[in-house]
Amino acid sequence: KSITYPKVSIIVPAYNEEVNAVATLKNLMQQDYPSFEIIFVDDGSKDNTYKKVKNSFEDFPIVKVFTKPNGGKASALNFGIDISTSEFVVCIDADTQLNSDAVSKLMEKFIAAQNETIVVGAVAGNVKVGNEKNILTRWQSIEYTTAQNFDRRAFGLINGITVVPGAIGAFRKEAIEKAGGFTTDTLAEDCDLTIRILRNGYS
């Protein structure tokens, strides 16, 4: 039987990311998933983020570029999710570089679980530190490897994932809406949303 690939909106919130934003979007366009769009939300940057992205991608219909008054990352994510018409959204940071099969791998979990009784609400991506140049980023890399690769594999088995990371996570749009979206009054908006999705009975 043939697999249907639901459309995915990749939401990229950005604040003062003129250095990374264009490269990030060029990277995103290399995704091998068959049906996606990119929604870039400039969160009232004080630099040329919006102008640079707008000028670079005006000829690419799969990239939609917006700007809004500054309200923080959570508000930029909610703005992008509200605009999206897809059943699924992938949220990434404006300085995240994805492997070309990242969206396909995230969506595999939703597609594979279509006939199961428990509905998958979100899928946590796997983050690695890209600039292991000094002791701090090397430690961060070790922390990411242990916390995200080992712990989360185990938590996943008991449906106890406590955070779908802001740097790369996939969500059923309906699950985000039922949970009330990303909250703007916390520094851990990704953890907060993950817990609320679990409380609503999703896996």
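Just so you know, these numbers come straight off a predicted model, no measurement behind them.

Asks: When you look at the overall build of the protein in this model, what are you seeing that I'm missing?
Replies: When helices and strands are tallied, the protein shows seven helices and six strands. Within the protein, the fraction of its 203 residues that count as buried is 46%. Considering only residue pairs separated by 6 or more positions, the protein has 76% of its internal contacts joining residues 24 or more positions apart. Accessible surface, the protein as shown: approximately 10800 Å² in total, 53% of it carbon and sulfur.

Asks: Explanation requested: the pattern of salt bridges in the structure shown.
Replies: Pairs can form between side chains of opposite charge whenever their charged atoms are close. This structure, assessed with the given rule, holds nine salt bridges. Taking the shortest distance from any N to any O, the salt bridge between K178 and E174 comes out at 3.9 Å. With a gap of four residues between them, K178 and E174 both fall in helix α6 (residues 173-179), about one helical turn apart. The exposure class of K178 is exposed, given its relative accessible area of 56%. A relative accessible area of 40% means that E174 is categorised as partly exposed.

Cut-offs applied
- Residues numbered from 1 in each chain as written.
- Predicted model: local features only at pLDDT ≥ 70, side-chain atom pairs only at ≥ 80, totals over all residues.
- Heavy atoms only, no water.
- Helix = DSSP H or I, 4+ residues; strand = E, 2+ residues; numbered from the N terminus.
- Buried < 20%, exposed > 50% of the residue type's maximum accessible area, 1.4 Å probe, protein only.
- Contact = heavy atoms within 4.5 Å.
- Areas by Shrake-Rupley, 256 points an atom, 1.4 Å probe, with all protein chains shown as cover.
- Salt bridge = Lys/Arg side-chain N within 4 Å of Asp/Glu carboxyl O.

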